[in-house]
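# Structural overview for review
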There are 2 protein chains.
Amino acid sequence: MNVHLCISLWGNSITMAKLQKSIDKRNALLKATINLVNNDGFHAAPMSKIAKMAGVSPATIYLYFENKQDLVNKAYLEVKSAFTDYAFATYSDEMSVNEGFEVIWRRIADFKLNQCEEALFLAQCDNTPMVDEPSRKEGIKHLQPLLALWERGKKEGVIKPISDYLLYAYAINPLSFLMIMQQRGACAINRSHLDEAYKAAWDSIKM
Amino acid sequence: MNVHLCISLWGNSITMAKLQKSIDKRNALLKATINLVNNDGFHAAPMSKIAKMAGVSPATIYLYFENKQDLVNKAYLEVKSAFTDYAFATYSDEMSVNEGFEVIWRRIADFKLNQCEEALFLAQCDNTPMVDEPSRKEGIKHLQPLLALWERGKKEGVIKPISDYLLYAYAINPLSFLMIMQQRGACAINRSHLDEAYKAAWDSIKM
DNA sequence: TATACATAAATGAACGTTCATTCTTTTTTT
DNA sequence: AAAAAAAGAATGAACGTTCATTTATGTATA
């Protein structure tokens, strides 16, 4: 339970510095979790190690999170949210479907290939029972703008009338695979690769 | 160390039944590992639970595998091998690139969508630090026939001259995503979906 | 302003539990 | 009877979590 934090801090008039310190600590914990889970896996990322990496005592974690599962769930949701915020930042409803898709696709590629840590963590969460089902469902909601764009595309006859899962599998998800390969040093994605990849993505979903 | 098993069993002339029993036990352990890791994740799949599910004592695991890491590595390699054996079973070098790709693709789809347990386990292994790097590298080798087919396709000008990673990302890997979604009950892949998916796969790699 | 009081944040040590692994004994096989 | 395989109980280490205490911060009183 860390509700008391917010309430008391805002209820009374308190210095900004103090609030910042709490946020910093919370962020340090989330960052450490992501880092350790990425390198060692959930099973080899003990609370003691997370605490040490974040520069706090193990006990302090429980001031910010209920337990380890909650810590991982929250890390997942925050990163997922940051990811989609980034993905849709330059998109607007008024764009054509074609243009909108390219804008979103390139932002996603940008995120996956540059913010490796966060993207890798998401890939792990999406492919294992690491985060619980409610959190996973919550995370999916953030993709709404993309689904809406596809809906529009289908109505306009620009995008194949196939299931959203197929569209995602062929147009977006491949980026996850490329990111993982790049992260492992198996391949390096450059500008022209990306253009090829975008063409393949669009080819596979356009009418 | 489980070398003694093989040596003594073949050195002396021993009943087939006995050998079979050992193999059965080993397989039961691998199966249990896959099942538990799929449902609970590596971190919640203790040796005691694996032993119980396989119907043996915890100590017996160590007659067949060095330790937990070895058990998981071996499970990964056996499943990966079964997967690729299945994938390439009906393929022959004499087929055209076009035909060969469809044959392989459909076998992979078949495996991923029907042998869910095994496929899901592979997806977890491929996306987490669950198996060690040597085993992962070993596992990749099994994909050789597919890479050779692509090489041929590029030479003949039938397949886009882009990196193998891009080809895999767009033509094969999407099936993993669909499998996971189907497994989670998010969507059901039917025959016509599959045909769409194949078309998208081929569209994205063909010249 | 100085002092005492109150509250919240943070800690290191300790808890009970569970884990992977080993040891000793029993069972099975030859 | 000897040897191998399997079992169950035991073990130390490591885990997530909690506890008792200290430190830092804010408030009220004089």
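Report follows, based on the coordinates. (Residues numbered from 1 in each chain as written. Chains lettered and ligands numbered in written order. Predicted model: local features only at pLDDT ≥ 70, side-chain atom pairs only at ≥ 80, totals over all residues. Heavy atoms only, no water.)

## Focus on the interface of chain A and chain B
Accessible area lost on assembly of the parts is the figure often given for the size of an interface. Note the following rule: Here a residue-residue contact requires only that any non-hydrogen atoms of the pair lie within 4.5 Å. The buried area of a pairing is the accessible area, by a 1.4 Å probe, that goes missing from both parts when the two are put together, added over both. We define a salt bridge as a contact between a side-chain nitrogen of Lys or Arg and a carboxyl oxygen of Asp or Glu at a distance within 4 Å.
Tallying the contact residues gives 40 residues for chain A and 40 residues for chain B. Together chain A and chain B conceal approximately 3400 Å² of surface at their shared face, both sides included; 68% is due to carbon and sulfur atoms. Taken as a group, A:Y165, A:Y170 and A:F177 account for 20% of the area that chain A buries against chain B, more than any other trio of residues on that side. At the junction of chain A with chain B, the criterion picks out zero salt bridges.

## A word on the environment of B:F121
Residue and element names in this part refer to chain B. This is how the line gets drawn: The helix count covers DSSP runs of H or I at least four residues long, the strand count covers runs of E at least two residues long, and both are numbered beginning at the N terminus. Throughout, exposure labels follow a simple rule: accessible area from a 1.4 Å probe, protein chains only, divided by the maximum for the residue type, with under 20% read as buried, over 50% as exposed, and the rest as partly exposed.
Topologically, F121 is positioned in helix α7 (residues 116-127). Looking at F121, the relative accessible area reads 0%, which means it is buried. Separated by 45 residues in sequence, F121 and Y76 have C-alpha atoms that sit 7.7 Å apart. Other than its neighbours up to four places away in sequence, F121 contacts I34, V37, N38, V72, A75, Y76, V79 and M130.

## Section: empty space enclosed by the protein
Which entries qualify depends on this criterion: A pocket here means an open set of points on a 1 Å grid, computed over the protein atoms alone, that has protein on both sides within 12 Å along at least five of seven lines. A cavity is instead a set of points where a 1.4 Å probe fits but cannot get out; residues with an atom within 4 Å of a point line either one. Grid points are joined across faces, edges and corners, and a volume is the space filled by probe spheres set on the points. For this scheme, ten residues count as nonpolar: Ala, Val, Leu, Ile, Met, Phe, Trp, Tyr, Cys and Pro. Four count as charged, namely Asp, Glu, Lys and Arg, and the remainder, Gly too, count as polar.
Inspection of every chain in the model, using the stated rule, returns one cavity of 30 Å³ or more. By volume, the largest cavity is sized at about 110 Å³. A:F42, A:H43, A:T128, B:F42 and B:T128 are the residues nearest the centre of the largest cavity, which is lined by 14 residues in total. Class assignment of the residues belonging to the lining of the largest cavity gives a composition of six nonpolar, eight polar and no charged.

## Section: the nonpolar core
Note the cut-off: Throughout this description, the term nonpolar core refers to a set of buried Ala, Val, Leu, Ile, Met, Phe, Trp, Tyr and Cys residues connected via side-chain atoms within 4.5 Å.
Residues A:F101, A:W105, B:F101 and B:W105 are the most contacted members of the largest nonpolar core, which totals 141 residues. A per-element tally of this core places helix α6 (residues 97-114) of chain B first, with nine residues.

## Brief notes about the pattern of salt bridges
Overall, the coordinates contain 28 salt bridges over all chains when judged by the stated rule. Residue A:K141 is joined to A:E138 by a salt bridge in which the shortest nitrogen-to-oxygen separation is 3.4 Å. Residue A:K141 and its partner A:E138 are both found in helix α8 (residues 133-141); the two are separated by three residues, about one turn of the helix. Note on A:E138: relative accessible area 34%, which makes it partly exposed. Put simply, B:K154 and B:D164 hold a salt bridge, and the shortest N to O gap is 3.1 Å. Separated by ten residues along the polypeptide, B:K154 in helix α9 (residues 144-156) and B:D164 in helix α10 (residues 164-171) bring together distant segments of the chain. In this structure, a network of salt bridges that share partners links the residues A:E102, A:R106, A:R191 and A:D195.

## With respect to α9(B)
Residue and element names in this part refer to chain B. Stated formally: In a helix, the anticipated span is given by 1.5 Å times the number of residues less one. Along the arc lie the directions from the helix axis toward the C-beta atoms.
For α9, spanning 13 residues, the distance from its first C-alpha to its last is 18 Å, which sits close to the expected 18 Å at 1.5 Å a residue. Looking only at α9, the buried set comprises L146, L149, W150 and G153. Considered in projection along α9, the buried side chains sweep an arc of 100° and stay on one side of the axis. On its buried side, α9 packs onto α5 (68-88), α6, α10 and α12 (191-205). Phi for G157, located one or two positions after α9, is positive at around 75°.

## Observations regarding the packing of α10(B) against α12(B)
All names here are of chain B. Rules: All axes are obtained by fitting lines to C-alpha atoms, using only the stretch in contact for helices, and the reported angles, taken between N-to-C directions, cover 0 to 180 degrees. By the definition adopted for this analysis, an angle is roughly parallel if under 35 degrees, roughly antiparallel if over 145, roughly perpendicular if from 65 to 115, and oblique otherwise. Each crossing gets its hand from how the near helix is turned against the far one by less than a right angle, where anticlockwise is left-handed and clockwise is right-handed.
Between α10 and α12, whose axes approach to 8 Å, the crossing angle comes to 160°. Classed by the angle they form, the pair α10 and α12 counts as roughly antiparallel. For α10 against α12, the interelement crossing comes out right-handed. Where α10 approaches α12, its residues L167, Y170 and A171 are matched on the opposing element by A201, S204 and I205. Among the residues forming the contact of α10 with α12, the class breakdown is five nonpolar, one polar and no charged.

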